[in-house]
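An overview of the molecular structure
Okay, here's what each chain looks like letter by letter:
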Amino acid sequence: MKYVLAIDEGTTSARALIYDQNGAFVCGEGREFPQIYPRAGWVEHSPDDIWNAVCAVTKAALEKGGLGSADIAAVGITNQRETTVVFDKKTGEPVYNAVVWQCRRTADFMKRLKDDGFSERIYNKTGLVPDAYFSAAKIKWILDNVDGARERAERGELAFGTMDCYLLYKLTGGKAFATDYTNASRTMLFNIHTLEWDGELLRLFDIPAAMMPEVKPSSCFFGTAAAGGLDGVPVCGMAGDQQAALFGQLCTRAGEIKNTYGTGCFLLMNTGKKAVKSRNGLITTLGVGGDLKPCYVLEGSVFAGGAAVQWLRDGLGLISSAAESEERAKAVKDSGGVYAVPAFTGLGAPYWDPGARGTITGITRGTTANHIVRAVLESIAFQTADVISAMERDSGIKISRLAVDGGASRNDFLMGFQADISGCTVARPAHAESTALGAAYLAGLCAGVYTGVDALKNRRSDVKLFEPKMGEGERLDLLSGWKSAVAKARLKE
Ligand code: ADP
């Protein structure tokens, strides 16, 4: 038996998960690493902490499975996207902590670019909307603020990497300096149409081209590990977390879509070889197609998904665990006309209204806690349905099946309501770790452990399906009630 090891380097923890040659999960280990908040709105990670966590979980996972590095045919890496490390090309020594995707330190700079009219130019090349999330301005910040960094970068001594690239460098003992298309597409420096680093954008952000890693397909030979307890094992897969999850869900054809229901929700839809331009504020980015070459993806997110359930538990004290929300919602036959819009931090696609605020409408004397709980769960499905319709409008493709994963996808009520309100089949695999599985698939396909995408699809037998059951009249009534509630959440005083 040959195995594939996936390293899942997330925002709060690093995990190592091992899969067998049938794609079945064998075992895994995880470890959190510290979050560093130097100022309000700033978030950093120590690259050393992350590397140490990766080494520790890899060792622990191998031990748990009774395996050695010789049993592992290939390693795949998936990672928090956009997070930026600048390090010395020779020694691998970072010049500064990793600046995390959530960090807002570059918000003013990005706002200035927007005000100066760069949005369209940036979108046309990168598919991204100017925001502090993306790597470009974070690199610039490091070069501008760390003593001597700019001079060293101009002398060609420094490298930029997202976490995949940095971990590859560490794993291969400094031999490989590369990233993959999906991670490159989140930097705001990569032209997703020509598949090259973009000279004009590098100049706009004042970044020497010599810092940029080679960009390779997500499923290919990246280098041989010489550290981290994986000596001699080839690294054969790399992809950003959401794109890895899309691949792990085997959404490899145009029109296939997944939603990850975590703290927020991340929806990604494969649009095949066509880069769809969004008129609804969605991002256009790169994913991995069935031919293992880059494909285009539309991406939209919901800010408050599972976070709204946490609020029911921690803010309102209406439930004692997230899982309890399911029985509370099922205890009433409907929400009793109550709608909750969890716009805690504004609304994302397709509204893009940072000024919207959380709102509960339709409360009567008969409203109970169960109705509120149900309305909050329903709001996660309504927001998801809004993003799906935006994707349908942009791409001209009708969605018939939604692949789901993430913590809140365990909620059967929510999944059933999602199927009803979106009028499509919701498909939930038993193994919810699509992100790690995607990295394992990418690596295993390249290494020959898995024979092909179709074979992986045929082997999928553990998917629970939720079919839409609601009548069209009721569905449209509910959607129209939701739209009115959203309008109220957006009212300005
Ligand atoms: P993240 O990766 O963003 O931390 P997870 O995928 O671990 O998120 O999911 C955690 C989120 O899912 C939490 O916000 C939690 O409130 C929510 N959640 C977990 N279980 C359930 C459940 N059974 N029903 C509804 N929400 C849930």
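Our structure is the block above this text.
Every chain's residues receive numbers from 1 upward, in the order its sequence appears when written. pLDDT decides what is reported in this predicted model: residues at 70 or higher carry local features, side-chain atom pairs at 80 or more are listed and counted, and totals for whole chains, interfaces and linings draw on all residues regardless. Side-chain numbers come from the whole structure's heavy atoms, not from hydrogens or water.

Starting at the N terminus, helices and strands are each numbered in turn, a helix being any DSSP run of H or I of at least four residues and a strand any DSSP run of E of at least two. Tallying secondary structure elements over the protein gives 16 helices and 23 strands in all. At 22 Å, the protein has a C-alpha radius of gyration in line with the 23 Å of a compact globule built from 493 residues. The principal-axis extent of the C-alpha atoms belonging to the protein is close to 70 × 55 × 40 Å. Burial classification: accessible surface area is computed with a 1.4 Å probe over protein chains only, and a residue below 20% of its type maximum counts as buried, one above 50% as exposed, and the rest as partly exposed. In the protein, which comprises 493 residues, the proportion classed as buried is 60%. Residue pairs at least 24 apart in sequence account for 71% of intrachain contacts in the protein once pairs closer than 6 positions are excluded. The accessible surface values rely on the Shrake-Rupley method and a 1.4 Å probe; as for residues, cover is taken only from the protein chains in view. Accessible area for the protein stands at about 19,000 Å²; split by element, carbon and sulfur atoms hold 50% of it. Atoms counted for the radius of gyration: C-alpha only. Globule rule: 2.2 Å times the number of residues to the power 0.38. We call two residues contacting when some pair of their heavy atoms lies within 4.5 Å.

On to the sheet that holds strand 17 (residues 283-288). Read from one edge to the other, the open sheet built from seven strands follows the order 17-18-16-15-21-22-23, with strand pairing classed as mixed. Each edge of the open sheet is held by one strand with a lone partner, namely strand 17 and strand 23 (463-466). Averaged over neighbouring strand pairs, the angle between their axes works out to 30° when direction is ignored. In short, DSSP must find at least two bridges between two strands for them to pair. Sheet topology places strand 15 (residues 257-261) next to strand 21 (residues 401-405); four bridges connect them, and they run parallel. Residue pairing across strands places Thr260 opposite Asp405, the latter belonging to strand 21. For every element, the axis is a line fit to its C-alpha atoms; helices are fit only across the contacting stretch, and the angle between N-to-C directions ranges from 0 to 180 degrees.

The next point concerns the pattern of salt bridges. When a carboxyl oxygen of Asp or Glu lies within 4 Å of a side-chain nitrogen of Lys or Arg, that pair is called a salt bridge. Applying the stated criterion across every chain yields a total of 34 salt bridges. Notably, a salt bridge pairs Arg328 with Glu324, separated by 3.1 Å at the nearest N-O pair. On the criterion of helical spacing, the pair formed by Arg328 and Glu324 is a turn pair, its members being four residues apart in helix 11 (residues 324-330). Glu324 shares its class with Arg328; the two are buried. The partner of Lys398 in a salt bridge is Glu392, with the nearest N and O atoms 3.5 Å apart. The exposure class of Lys398 is exposed, given its relative accessible area of 60%.

Quick look at helix 3 (residues 119-126) now. The set of residues buried in helix 3 consists of Ile122, Tyr123, Lys125 and Thr126. Against helix 2 (107-115), strand 10 (190-191), helix 8 (199-204) and strand 17 lie the buried residues of helix 3. Gly127, located one to two residues past helix 3, shows a positive phi value of around 80°.

Now for the pairing of strand 18 (residues 294-302). Most of strand 18 is tucked away: nine of the nine residues are buried. In this sheet, strand 18 lies alongside strand 16 (residues 265-272) in antiparallel orientation, the contact comprising seven bridges. By the bridge assignment for strand 18, Gly272 is matched with Tyr296.

Pairing of aromatic rings covers Phe, Tyr and the six-membered ring of Trp, with a centre-to-centre limit of 6.5 Å; geometry is then stacked below 30 degrees between planes, edge-to-face above 60, and tilted otherwise. For the coordinates displayed, the defined rule picks out 18 aromatic pairs. In this structure an aromatic cluster arises from ring pairing among Tyr339, Phe382, Phe413, Phe417 and Trp482. Criterion for a charge above a ring: Lys NZ or Arg CZ within 6 Å of the ring centre, and within 35 degrees of the ring normal. For Arg105, the ring lying beneath its charged end belongs to Trp141, and the centroid distance is 4.4 Å.

This next bit is on the site of the ligand. In the neighbourhood of the ligand, 14 residues make up the surrounding shell, with Thr263, Gly306, Gln310, Gly407 and Asn411 lying closest. Between the ligand and Thr263, the relevant distance is 2.6 Å, taken from an oxygen atom to a side-chain nitrogen or oxygen of the residue. For the ligand, the accessible surface in isolation is 580 Å², of which the surrounding protein chains cover 67%. Top element by residues in the shell around the ligand is helix 10 (residues 306-315). It accounts for four residues. Asp, Glu, Lys and Arg are counted as charged, while Ala, Val, Leu, Ile, Met, Phe, Trp, Tyr, Cys and Pro are counted as nonpolar; the rest, among them Gly, fall into the polar class. Classifying every residue of the shell around the ligand by side-chain character gives five nonpolar, eight polar and one charged. Any residue with at least one heavy atom within 4 Å of a molecule or strand is counted as near it. Counting of polar contacts relies on pairs of N or O atoms within 3.5 Å, with two restrictions inside protein: one atom must be capable of donating a hydrogen and the other of accepting it, and residues adjacent in sequence are counted only when both atoms are side-chain atoms.

Once that is clear, we can look at the side chain of Ser278. Along the chain, Ser278 falls in the loop between strand 16 and strand 17. When its relative accessible area of 14% is taken as the criterion, Ser278 is described as buried. Here Gly281 takes part through its backbone nitrogen, which lies 3.4 Å from a polar atom of the side chain of Ser278. There is a polar contact of 2.5 Å between the side chain of Ser278 and the side chain of Asp394. In this structure, Ser278 is in contact with Tyr123, Thr284, Leu298 and Asp394, ignoring residues within four places of it in sequence.

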